[in-house]
Amino acid sequence: MSLPLKIACRYLVSKKGHQAVNIISIIAVCGVVVSTAALICVLSVFNGFRGLIMGKLAMLDPQVAITATLGKTINDADSVIDVVSHIQGVERVVPVIEDQALAVYDQLQMPVRLKGVPDDYNTTNAMDSVIVDGKWKLRDQVSQFAVVGAGPAVRLCVRPEFLGMVHLYAPQRQGRVNIANPMGAFRQDSLFVSAIFQLQQNSYDADLIYVPLDMARTLFDYDTQATQIEVKLAPGASESDVMRDISGALGSAYQVKNRLMQQSEAYRLVNIEKWMAFLLLAFILVIATFNVISTLSLLIIEKDDSIATLRALGAHDRQISRIFVLQGWLITLVGAVTGVVIGLILCLCQYHFGWLRLSGDPANMIVSAYPVEVQWTDVLVTLALVAVVGLLTSMVTALIMRHRLKSNSKQSN
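The structure contained in this document is the topic of the report that follows. Computed from a predicted structure; not experimentally measured. (Residues numbered from 1 in each chain as written. Predicted model: local features only at pLDDT ≥ 70, side-chain atom pairs only at ≥ 80, totals over all residues. Heavy atoms only, no water.)

Some points on the layout of surface pockets
Reasoning step 1: For the largest pocket, the calculated volume is near 470 Å³.
Reasoning step 2: Around the largest pocket sit 21 residues that line it, and Glu98, Arg113, Lys115, Gln228 and Gln262 are the ones nearest its centre.
Reasoning step 3: Contributing elements (two or more residues each) for the lining of the largest pocket: β1 (64–68), β2 (90–105), β3 (108–117), α5 (202–205) and α8 (259–262).
Reasoning step 4: When residues of the lining of the largest pocket are assigned to their parent elements, the largest contribution, three residues, is made by β1.
Reasoning step 5: Class assignment for the residues of the lining of the largest pocket results in eight nonpolar, seven polar and six charged. (1 Å grid on protein atoms, 1.4 Å probe; cavity = no way out; pocket = protein on both sides within 12 Å on 5 of 7 lines; lining within 4 Å. Points joined across faces, edges and corners; volume = space filled by probe spheres on them. Helix = DSSP H or I, 4+ residues; strand = E, 2+ residues; numbered from the N terminus. Nonpolar A, V, L, I, M, F, W, Y, C, P; charged D, E, K, R; others polar.)

This is the structure:
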(Lines give C-alpha, C1' and ligand atoms only; values in the text may rest on other atoms or scores of the structure.)
Protein backbone atom coordinates (compact mmCIF):
# COMPACT_ATOMS: atom_id res chain seq x y z
CA MET A 1 0.00 0.00 0.00
CA SER A 2 1.41 3.37 -1.02
CA LEU A 3 2.04 6.09 1.54
CA PRO A 4 -0.70 8.46 0.19
CA LEU A 5 -3.26 5.62 0.38
CA LYS A 6 -2.21 4.73 3.95
CA ILE A 7 -2.59 8.32 5.06
CA ALA A 8 -5.94 8.64 3.22
CA CYS A 9 -7.27 5.53 5.00
CA ARG A 10 -6.05 6.95 8.30
CA TYR A 11 -7.88 10.23 7.67
CA LEU A 12 -11.04 8.30 6.69
CA VAL A 13 -11.42 6.45 9.99
CA SER A 14 -9.76 8.83 12.42
CA LYS A 15 -11.65 11.36 14.48
CA LYS A 16 -11.33 14.87 13.13
CA GLY A 17 -10.12 17.77 15.22
CA HIS A 18 -13.34 19.73 14.85
CA GLN A 19 -16.76 18.25 15.53
CA ALA A 20 -18.21 20.01 12.49
CA VAL A 21 -15.84 18.15 10.19
CA ASN A 22 -16.94 14.83 11.70
CA ILE A 23 -20.61 15.68 11.16
CA ILE A 24 -20.07 16.82 7.58
CA SER A 25 -18.04 13.65 6.85
CA ILE A 26 -20.88 11.46 8.12
CA ILE A 27 -23.42 13.44 6.10
CA ALA A 28 -21.27 13.09 2.97
CA VAL A 29 -21.04 9.30 3.30
CA CYS A 30 -24.75 9.00 4.13
CA GLY A 31 -25.66 11.09 1.08
CA VAL A 32 -23.82 8.70 -1.22
CA VAL A 33 -25.25 5.67 0.61
CA VAL A 34 -28.86 6.84 0.38
CA SER A 35 -28.55 7.92 -3.28
CA THR A 36 -26.95 4.62 -4.32
CA ALA A 37 -29.48 2.52 -2.40
CA ALA A 38 -32.34 4.53 -3.94
CA LEU A 39 -30.94 3.91 -7.43
CA ILE A 40 -30.80 0.15 -6.85
CA CYS A 41 -34.32 0.02 -5.37
CA VAL A 42 -35.99 2.21 -8.00
CA LEU A 43 -34.37 0.43 -10.94
CA SER A 44 -35.34 -2.94 -9.43
CA VAL A 45 -38.97 -1.83 -9.03
CA PHE A 46 -39.11 -0.77 -12.68
CA ASN A 47 -37.60 -4.12 -13.64
CA GLY A 48 -40.30 -5.81 -11.59
CA PHE A 49 -43.08 -3.90 -13.33
CA ARG A 50 -41.53 -4.62 -16.73
CA GLY A 51 -41.28 -8.33 -15.95
CA LEU A 52 -44.87 -8.30 -14.71
CA ILE A 53 -46.15 -6.58 -17.84
CA MET A 54 -44.20 -8.80 -20.19
CA GLY A 55 -45.25 -11.90 -18.28
CA LYS A 56 -48.91 -10.96 -18.63
CA LEU A 57 -48.56 -10.13 -22.31
CA ALA A 58 -46.73 -13.40 -22.89
CA MET A 59 -49.84 -15.31 -21.84
CA LEU A 60 -51.62 -14.44 -25.10
CA ASP A 61 -48.87 -13.22 -27.44
CA PRO A 62 -47.31 -15.92 -29.64
CA GLN A 63 -43.69 -16.80 -29.09
CA VAL A 64 -42.97 -15.82 -32.69
CA ALA A 65 -45.28 -13.88 -35.00
CA ILE A 66 -44.96 -13.59 -38.79
CA THR A 67 -46.55 -10.68 -40.64
CA ALA A 68 -46.26 -9.23 -44.14
CA THR A 69 -43.71 -6.44 -44.57
CA LEU A 70 -46.01 -4.64 -47.00
CA GLY A 71 -49.76 -4.74 -46.76
CA LYS A 72 -52.13 -6.05 -44.15
CA THR A 73 -52.41 -9.72 -45.06
CA ILE A 74 -50.27 -12.70 -45.97
CA ASN A 75 -51.84 -13.77 -49.25
CA ASP A 76 -50.83 -17.44 -49.43
CA ALA A 77 -50.76 -18.33 -45.76
CA ASP A 78 -50.87 -22.09 -46.33
CA SER A 79 -47.58 -22.11 -48.26
CA VAL A 80 -45.88 -19.99 -45.60
CA ILE A 81 -47.15 -22.34 -42.90
CA ASP A 82 -45.79 -25.31 -44.82
CA VAL A 83 -42.34 -23.73 -45.05
CA VAL A 84 -42.22 -22.66 -41.40
CA SER A 85 -43.52 -25.98 -40.04
CA HIS A 86 -40.47 -27.79 -41.48
CA ILE A 87 -37.98 -25.57 -39.64
CA GLN A 88 -36.21 -27.23 -36.74
CA GLY A 89 -37.44 -26.02 -33.36
CA VAL A 90 -40.98 -25.22 -34.53
CA GLU A 91 -43.70 -27.22 -32.78
CA ARG A 92 -46.83 -25.67 -34.27
CA VAL A 93 -47.81 -23.00 -36.78
CA VAL A 94 -51.31 -21.48 -36.94
CA PRO A 95 -52.86 -18.73 -39.09
CA VAL A 96 -54.98 -16.00 -37.51
CA ILE A 97 -57.16 -13.23 -38.89
CA GLU A 98 -57.60 -10.00 -36.96
CA ASP A 99 -59.77 -7.08 -38.02
CA GLN A 100 -62.36 -4.58 -36.82
CA ALA A 101 -66.10 -5.31 -36.64
CA LEU A 102 -69.27 -4.14 -34.94
CA ALA A 103 -70.75 -6.32 -32.18
CA VAL A 104 -74.45 -6.02 -31.34
CA TYR A 105 -76.29 -7.71 -28.48
CA ASP A 106 -79.91 -6.84 -27.78
CA GLN A 107 -79.98 -3.02 -27.93
CA LEU A 108 -76.27 -2.61 -27.12
CA GLN A 109 -73.44 -2.29 -29.60
CA MET A 110 -69.72 -1.47 -29.71
CA PRO A 111 -66.79 -1.66 -32.14
CA VAL A 112 -64.62 -4.68 -31.40
CA ARG A 113 -61.45 -6.32 -32.57
CA LEU A 114 -62.17 -9.84 -33.85
CA LYS A 115 -59.44 -12.44 -33.90
CA GLY A 116 -60.20 -15.59 -35.86
CA VAL A 117 -58.22 -18.56 -34.56
CA PRO A 118 -58.26 -22.38 -34.82
CA ASP A 119 -60.61 -24.24 -32.49
CA ASP A 120 -57.76 -25.54 -30.30
CA TYR A 121 -55.93 -22.22 -30.16
CA ASN A 122 -55.88 -22.37 -26.36
CA THR A 123 -53.27 -25.16 -26.56
CA THR A 124 -50.73 -22.77 -28.10
CA ASN A 125 -50.78 -20.25 -25.23
CA ALA A 126 -51.96 -19.71 -21.65
CA MET A 127 -55.48 -18.71 -22.68
CA ASP A 128 -57.16 -21.07 -20.21
CA SER A 129 -55.42 -19.39 -17.27
CA VAL A 130 -56.99 -15.97 -17.98
CA ILE A 131 -60.57 -17.17 -18.48
CA VAL A 132 -62.67 -15.88 -15.57
CA ASP A 133 -66.07 -17.22 -16.59
CA GLY A 134 -66.98 -20.20 -18.76
CA LYS A 135 -64.69 -22.48 -20.72
CA TRP A 136 -62.78 -22.16 -23.98
CA LYS A 137 -64.95 -23.39 -26.82
CA LEU A 138 -65.35 -22.03 -30.35
CA ARG A 139 -67.82 -24.58 -31.74
CA ASP A 140 -69.84 -27.68 -31.05
CA GLN A 141 -72.00 -29.90 -33.27
CA VAL A 142 -74.57 -27.18 -34.04
CA SER A 143 -73.28 -23.74 -32.99
CA GLN A 144 -70.34 -21.38 -33.08
CA PHE A 145 -69.05 -19.57 -29.99
CA ALA A 146 -66.96 -16.55 -29.06
CA VAL A 147 -64.51 -16.02 -26.21
CA VAL A 148 -65.02 -12.41 -25.17
CA GLY A 149 -62.76 -9.96 -23.38
CA ALA A 150 -63.92 -8.37 -20.13
CA GLY A 151 -64.52 -5.02 -21.84
CA PRO A 152 -67.01 -6.24 -24.48
CA ALA A 153 -68.63 -8.53 -21.90
CA VAL A 154 -69.39 -5.56 -19.63
CA ARG A 155 -70.44 -3.13 -22.35
CA LEU A 156 -72.64 -5.65 -24.17
CA CYS A 157 -73.88 -7.33 -20.96
CA VAL A 158 -73.17 -10.86 -22.15
CA ARG A 159 -72.24 -13.99 -20.24
CA PRO A 160 -71.58 -17.60 -21.23
CA GLU A 161 -74.90 -18.95 -19.98
CA PHE A 162 -77.02 -16.38 -21.85
CA LEU A 163 -79.19 -17.77 -24.66
CA GLY A 164 -78.99 -14.62 -26.80
CA MET A 165 -76.53 -14.45 -29.69
CA VAL A 166 -73.97 -11.74 -30.39
CA HIS A 167 -74.34 -10.37 -33.91
CA LEU A 168 -71.22 -9.32 -35.76
CA TYR A 169 -71.07 -6.93 -38.72
CA ALA A 170 -68.13 -6.16 -40.98
CA PRO A 171 -68.05 -4.03 -44.16
CA GLN A 172 -67.60 -5.87 -47.43
CA ARG A 173 -64.11 -5.50 -48.84
CA GLN A 174 -65.20 -5.93 -52.44
CA GLY A 175 -68.12 -4.85 -54.60
CA ARG A 176 -70.24 -1.72 -54.69
CA VAL A 177 -72.48 -0.30 -52.00
CA ASN A 178 -76.19 -0.21 -52.80
CA ILE A 179 -77.48 3.06 -51.35
CA ALA A 180 -81.04 1.73 -51.37
CA ASN A 181 -79.94 -1.18 -49.19
CA PRO A 182 -77.12 0.03 -46.91
CA MET A 183 -77.17 -3.15 -44.82
CA GLY A 184 -76.17 -5.02 -47.96
CA ALA A 185 -72.76 -3.40 -47.65
CA PHE A 186 -72.08 -5.45 -44.50
CA ARG A 187 -71.38 -9.10 -43.94
CA GLN A 188 -72.87 -10.47 -40.77
CA ASP A 189 -72.83 -13.56 -38.61
CA SER A 190 -73.97 -14.57 -35.13
CA LEU A 191 -72.64 -16.72 -32.34
CA PHE A 192 -73.02 -17.52 -28.65
CA VAL A 193 -70.58 -16.61 -25.88
CA SER A 194 -68.71 -19.52 -24.34
CA ALA A 195 -66.24 -17.74 -22.04
CA ILE A 196 -64.97 -14.39 -20.78
CA PHE A 197 -61.27 -13.69 -20.31
CA GLN A 198 -59.50 -10.94 -18.39
CA LEU A 199 -55.79 -10.28 -18.69
CA GLN A 200 -55.91 -6.95 -16.82
CA GLN A 201 -54.23 -5.33 -19.81
CA ASN A 202 -56.31 -2.74 -21.61
CA SER A 203 -54.96 -3.63 -25.05
CA TYR A 204 -56.54 -7.08 -24.71
CA ASP A 205 -59.46 -6.71 -22.33
CA ALA A 206 -60.99 -3.57 -23.85
CA ASP A 207 -62.27 -4.85 -27.21
CA LEU A 208 -60.83 -8.25 -28.18
CA ILE A 209 -63.10 -11.18 -29.11
CA TYR A 210 -61.89 -14.61 -30.26
CA VAL A 211 -64.00 -16.32 -32.94
CA PRO A 212 -63.57 -19.41 -35.15
CA LEU A 213 -61.07 -18.94 -37.97
CA ASP A 214 -63.44 -19.99 -40.78
CA MET A 215 -66.11 -17.62 -39.51
CA ALA A 216 -63.62 -14.72 -39.50
CA ARG A 217 -62.57 -15.56 -43.05
CA THR A 218 -66.18 -15.51 -44.20
CA LEU A 219 -67.00 -12.32 -42.30
CA PHE A 220 -63.96 -10.42 -43.61
CA ASP A 221 -64.10 -11.98 -47.09
CA TYR A 222 -60.80 -13.89 -46.94
CA ASP A 223 -60.02 -17.33 -48.33
CA THR A 224 -56.40 -18.45 -47.89
CA GLN A 225 -55.15 -15.16 -46.47
CA ALA A 226 -54.10 -14.49 -42.88
CA THR A 227 -53.21 -11.26 -41.16
CA GLN A 228 -50.64 -13.05 -38.99
CA ILE A 229 -49.04 -16.47 -38.63
CA GLU A 230 -48.21 -17.51 -35.08
CA VAL A 231 -45.47 -19.97 -34.18
CA LYS A 232 -45.14 -22.08 -31.05
CA LEU A 233 -41.60 -23.28 -30.37
CA ALA A 234 -40.65 -26.77 -29.32
CA PRO A 235 -39.42 -27.15 -25.71
CA GLY A 236 -35.74 -26.22 -25.48
CA ALA A 237 -35.63 -24.57 -28.90
CA SER A 238 -33.57 -21.40 -29.28
CA GLU A 239 -35.83 -18.47 -30.10
CA SER A 240 -33.10 -16.51 -31.85
CA ASP A 241 -32.05 -19.50 -33.98
CA VAL A 242 -35.63 -20.26 -35.01
CA MET A 243 -36.29 -16.61 -35.88
CA ARG A 244 -33.11 -16.49 -37.95
CA ASP A 245 -34.07 -19.67 -39.83
CA ILE A 246 -37.61 -18.39 -40.47
CA SER A 247 -36.32 -15.05 -41.77
CA GLY A 248 -33.86 -16.85 -44.02
CA ALA A 249 -36.51 -19.20 -45.40
CA LEU A 250 -39.18 -16.54 -46.03
CA GLY A 251 -37.05 -13.59 -47.12
CA SER A 252 -37.55 -9.86 -46.69
CA ALA A 253 -41.24 -9.98 -47.66
CA TYR A 254 -42.10 -11.06 -44.10
CA GLN A 255 -41.39 -9.70 -40.64
CA VAL A 256 -40.52 -12.12 -37.84
CA LYS A 257 -41.05 -10.84 -34.29
CA ASN A 258 -40.68 -12.28 -30.81
CA ARG A 259 -42.84 -11.20 -27.88
CA LEU A 260 -40.72 -8.19 -26.97
CA MET A 261 -40.78 -6.96 -30.56
CA GLN A 262 -44.55 -7.42 -30.72
CA GLN A 263 -44.92 -5.25 -27.62
CA SER A 264 -42.14 -2.83 -28.50
CA GLU A 265 -44.18 0.25 -27.57
CA ALA A 266 -45.00 -0.98 -24.07
CA TYR A 267 -41.44 -2.19 -23.57
CA ARG A 268 -40.02 1.13 -24.77
CA LEU A 269 -42.34 3.10 -22.51
CA VAL A 270 -41.28 1.17 -19.41
CA ASN A 271 -37.61 1.58 -20.32
CA ILE A 272 -38.03 5.33 -20.86
CA GLU A 273 -39.68 5.71 -17.46
CA LYS A 274 -36.96 3.61 -15.86
CA TRP A 275 -34.06 5.62 -17.24
CA MET A 276 -35.78 8.95 -16.61
CA ALA A 277 -36.01 7.94 -12.95
CA PHE A 278 -32.35 6.90 -13.14
CA LEU A 279 -31.33 10.33 -14.45
CA LEU A 280 -33.26 12.12 -11.71
CA LEU A 281 -31.66 10.02 -8.99
CA ALA A 282 -28.27 10.39 -10.65
CA PHE A 283 -28.70 14.15 -10.43
CA ILE A 284 -29.46 13.79 -6.71
CA LEU A 285 -26.31 11.69 -6.34
CA VAL A 286 -24.23 14.40 -8.02
CA ILE A 287 -25.67 16.96 -5.63
CA ALA A 288 -24.88 14.67 -2.70
CA THR A 289 -21.22 14.57 -3.75
CA PHE A 290 -20.93 18.30 -3.04
CA ASN A 291 -20.93 17.23 0.60
CA VAL A 292 -17.85 15.14 -0.18
CA ILE A 293 -16.14 18.17 -1.72
CA SER A 294 -17.01 20.34 1.29
CA THR A 295 -15.71 17.62 3.62
CA LEU A 296 -12.41 17.45 1.79
CA SER A 297 -12.11 21.22 1.74
CA LEU A 298 -12.54 21.40 5.50
CA LEU A 299 -10.16 18.48 5.96
CA ILE A 300 -7.50 20.24 3.87
CA ILE A 301 -7.83 23.34 6.02
CA GLU A 302 -7.70 21.28 9.22
CA LYS A 303 -4.59 19.37 8.11
CA ASP A 304 -2.46 22.43 7.32
CA ASP A 305 0.02 21.51 10.05
CA SER A 306 0.21 17.90 8.86
CA ILE A 307 0.72 19.07 5.28
CA ALA A 308 3.57 21.33 6.40
CA THR A 309 5.14 18.42 8.29
CA LEU A 310 4.91 16.16 5.23
CA ARG A 311 6.54 18.83 3.06
CA ALA A 312 9.31 19.22 5.62
CA LEU A 313 9.90 15.46 5.51
CA GLY A 314 10.37 15.65 1.74
CA ALA A 315 6.91 14.88 0.35
CA HIS A 316 6.30 16.75 -2.89
CA ASP A 317 3.06 18.49 -3.75
CA ARG A 318 1.80 15.71 -6.04
CA GLN A 319 2.02 13.14 -3.24
CA ILE A 320 0.19 15.42 -0.83
CA SER A 321 -2.53 16.14 -3.39
CA ARG A 322 -2.91 12.41 -4.01
CA ILE A 323 -3.72 11.87 -0.32
CA PHE A 324 -6.85 13.99 -0.52
CA VAL A 325 -7.79 12.73 -3.99
CA LEU A 326 -7.70 9.19 -2.62
CA GLN A 327 -9.66 10.38 0.40
CA GLY A 328 -12.46 11.51 -1.95
CA TRP A 329 -12.36 8.18 -3.79
CA LEU A 330 -12.57 6.27 -0.51
CA ILE A 331 -15.55 8.25 0.76
CA THR A 332 -17.36 7.67 -2.55
CA LEU A 333 -16.37 3.99 -2.67
CA VAL A 334 -17.46 3.27 0.90
CA GLY A 335 -20.75 5.06 0.33
CA ALA A 336 -21.36 3.25 -2.97
CA VAL A 337 -20.62 -0.25 -1.67
CA THR A 338 -22.69 0.34 1.46
CA GLY A 339 -25.55 1.77 -0.60
CA VAL A 340 -25.52 -1.20 -3.00
CA VAL A 341 -25.57 -3.67 -0.10
CA ILE A 342 -28.44 -1.83 1.61
CA GLY A 343 -30.34 -1.54 -1.68
CA LEU A 344 -29.99 -5.26 -2.38
CA ILE A 345 -31.13 -6.12 1.16
CA LEU A 346 -34.18 -3.88 0.81
CA CYS A 347 -35.05 -5.42 -2.57
CA LEU A 348 -34.67 -8.91 -1.13
CA CYS A 349 -36.96 -8.06 1.79
CA GLN A 350 -39.53 -6.51 -0.55
CA TYR A 351 -39.41 -9.58 -2.79
CA HIS A 352 -40.04 -12.01 0.07
CA PHE A 353 -42.25 -9.98 2.42
CA GLY A 354 -43.83 -7.28 0.22
CA TRP A 355 -43.61 -4.55 2.85
CA LEU A 356 -44.38 -1.70 0.45
CA ARG A 357 -47.90 -2.20 -0.92
CA LEU A 358 -49.76 -0.56 -3.76
CA SER A 359 -52.77 1.58 -2.90
CA GLY A 360 -56.13 0.34 -4.14
CA ASP A 361 -58.35 -2.68 -3.93
CA PRO A 362 -56.16 -5.83 -4.05
CA ALA A 363 -59.01 -7.72 -5.74
CA ASN A 364 -58.73 -5.44 -8.76
CA MET A 365 -54.95 -5.46 -9.04
CA ILE A 366 -52.50 -7.92 -10.53
CA VAL A 367 -50.19 -7.54 -7.51
CA SER A 368 -50.74 -5.90 -4.15
CA ALA A 369 -47.08 -5.06 -3.42
CA TYR A 370 -44.40 -3.37 -5.49
CA PRO A 371 -42.65 -6.03 -7.60
CA VAL A 372 -38.85 -6.04 -7.63
CA GLU A 373 -36.34 -7.72 -9.88
CA VAL A 374 -32.63 -7.02 -9.41
CA GLN A 375 -30.52 -7.05 -12.56
CA TRP A 376 -26.76 -7.05 -12.20
CA THR A 377 -26.43 -4.72 -15.17
CA ASP A 378 -28.25 -2.08 -13.12
CA VAL A 379 -25.84 -2.63 -10.24
CA LEU A 380 -22.87 -2.24 -12.59
CA VAL A 381 -24.36 0.90 -14.15
CA THR A 382 -24.90 2.37 -10.68
CA LEU A 383 -21.34 1.60 -9.62
CA ALA A 384 -20.04 3.07 -12.88
CA LEU A 385 -22.03 6.25 -12.23
CA VAL A 386 -20.64 6.50 -8.70
CA ALA A 387 -17.13 5.95 -10.09
CA VAL A 388 -17.59 8.81 -12.56
CA VAL A 389 -18.92 11.06 -9.81
CA GLY A 390 -15.98 10.06 -7.64
CA LEU A 391 -13.61 10.97 -10.46
CA LEU A 392 -15.19 14.40 -10.79
CA THR A 393 -14.95 14.85 -7.02
CA SER A 394 -11.28 13.90 -7.08
CA MET A 395 -10.57 16.35 -9.90
CA VAL A 396 -12.20 19.18 -7.95
CA THR A 397 -10.29 18.12 -4.83
CA ALA A 398 -7.01 18.15 -6.76
CA LEU A 399 -7.69 21.69 -7.95
CA ILE A 400 -8.51 22.83 -4.41
CA MET A 401 -5.40 21.13 -3.05
CA ARG A 402 -3.17 22.58 -5.74
CA HIS A 403 -4.45 26.10 -4.99
CA ARG A 404 -3.98 25.55 -1.25
CA LEU A 405 -0.42 24.35 -1.67
CA LYS A 406 0.46 27.34 -3.83
CA SER A 407 -1.00 29.68 -1.21
CA ASN A 408 1.02 27.99 1.55
CA SER A 409 4.18 28.19 -0.54
CA LYS A 410 3.73 31.93 -1.07
CA GLN A 411 3.12 32.50 2.65
CA SER A 412 6.22 30.50 3.63
CA ASN A 413 8.33 32.49 1.16
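Some remarks on the packing of aromatic side chains
The description of two aromatic rings rests on the distance between their centres and on the angle between their planes.
Reasoning step 1: Inspection of the entire model under this criterion finds eight aromatic pairs.
Reasoning step 2: Taking 6.0 Å as the distance between ring centres and 40° as the angle between the ring planes, the aromatic pair formed by Phe145 and Phe192 counts as tilted. Linking Phe145 in strand β5 (residues 145–149) with Phe192 in strand β7 (residues 186–197), this pair joins segments that are 47 residues apart in sequence.
Reasoning step 3: Judged by its relative accessible area of 10%, Phe145 is buried.
Reasoning step 4: Among the aromatic residues, ring-to-ring pairing joins Tyr121, Trp136, Phe197 and Tyr210 into one connected group.
Reasoning step 5: Here the basic side chain of Lys137 rests over the ring of Phe145, its NZ or CZ set 4.3 Å away from the ring centre. (Phe/Tyr/Trp six-rings, centres within 6.5 Å; stacked < 30°, edge-to-face > 60°. Buried < 20%, exposed > 50% of the residue type's maximum accessible area, 1.4 Å probe, protein only. Lys NZ or Arg CZ within 6 Å of the ring centre and 35° of its normal.)

Topic: unusual backbone geometry
Reasoning step 1: Even without being a glycine, Cys157 presents a positive backbone phi close to 60°.
Reasoning step 2: Structurally, the position occupied by Cys157 is in the loop between α4 (150–156) and β6 (166–171).
Reasoning step 3: Looking at Cys157, the relative accessible area reads 43%, which means it is partly exposed.
Reasoning step 4: Positive phi is not limited to glycine here, since Asp221 has a value of about 65°.
Reasoning step 5: Inspection of the secondary structure assignment puts Asp221 in the loop between α6 (213–219) and β9 (228–233).

Quick look at the packing of helix α3 (residues 77–85) against helix α7 (residues 239–250)
Reasoning step 1: The contact between α3 and α7 brings their axes to 10 Å, and the two run at 135°. Taken together, the axis directions place α3 and α7 in an arrangement best described as oblique. The handedness of the crossing between α3 and α7 comes out as right-handed. Taken together, the residues of α7 that come into contact with α3 (itself represented by Val80, Val83 and Val84) are Ile246, Ala249 and Leu250.
Reasoning step 2: In the contact of α3 with α7, the residues fall into six nonpolar, no polar and no charged. (Axes fitted to C-alpha atoms, helices over the stretch in contact; angles between N-to-C directions. Parallel < 35°, antiparallel > 145°, perpendicular 65-115°, else oblique. Left-handed = near helix turned anticlockwise from the far one by under 90°. Contact = heavy atoms within 4.5 Å.)

Some details on a positive patch on the surface
Reasoning step 1: On the surface, a cluster of positive charge is contributed by Arg318, Arg322, Arg402 and Lys406.
Reasoning step 2: Looking at the positive patch, the elements that each hand over two or more residues are α11 (317–353) and α12 (376–412).
Reasoning step 3: Within the secondary structure, Lys406 sits in helix α12. (Patch = residues over 30% accessible without salt bridge, like charges linked within 9 Å, V, L, I, M, F, W, Y side chains within 5 Å. Areas by Shrake-Rupley, 256 points an atom, 1.4 Å probe, with all protein chains shown as cover. Salt bridge = Lys/Arg side-chain N within 4 Å of Asp/Glu carboxyl O. Lys, Arg positive; Asp, Glu negative; His and termini not counted. Charge placed at Lys NZ, Arg CZ, Asp CG, Glu CD.)

Quick word on the packing of helix α10 (residues 304–312) against α11
Reasoning step 1: Where α10 contacts α11, the axes come no closer than 10 Å and their chain directions differ by 145°. Crossing geometry of α10 relative to α11 is assigned as right-handed. Counted together, Ile307, Leu310 and Arg311 of α10 and Asp317, Ile320, Ile323 and Phe324 of α11 form the full contact between these two elements.
Reasoning step 2: Taken together, the residues of the contact of α10 with α11 sort by class into five nonpolar, no polar and two charged.

Structural notes on empty space enclosed by the protein
By rolling a water-sized probe across the atoms, one finds the places where empty space is left.
Reasoning step 1: The full count for this structure, using the stated rule, is one cavity of 30 Å³ or more.
Reasoning step 2: Quantified by volume, the largest cavity comes out at close to 80 Å³.
Reasoning step 3: Lining the largest cavity we find 13 residues, and of these Pro62, Thr124, Glu230, Val231 and Lys232 sit closest to its centre.
Reasoning step 4: Taken together, the elements giving at least two residues each to the lining of the largest cavity come down to β2 and β9.
Reasoning step 5: For the lining of the largest cavity, the residue count by class is five nonpolar, three polar and five charged.

Quick notes on the environment of Val29
Reasoning step 1: Looking at where Val29 falls in the secondary structure, it is placed in helix α2 (residues 19–57).
Reasoning step 2: Among the residues examined, Val29 registers a relative accessible area of 24% and is labelled partly exposed.
Reasoning step 3: For the pair Val29 and Leu333, spaced 304 residues apart in sequence, the C-alpha separation works out to 9.3 Å.
Reasoning step 4: Beyond its immediate stretch of four places on either side in the chain, Val29 contacts Ile331 and Gly335.

A closer look at the pairing of β6
Reasoning step 1: The sheet contact formed by β2 and β6 spans three bridges and is antiparallel. Within β6, the position partnered with Ala103 by the bridge is Leu168.
Reasoning step 2: Here β6 runs beside β7; their pairing, made up of six bridges, is antiparallel. Bridge pairing in β7 links His167 to Ser190. (Pairing = 2+ DSSP bridges.)

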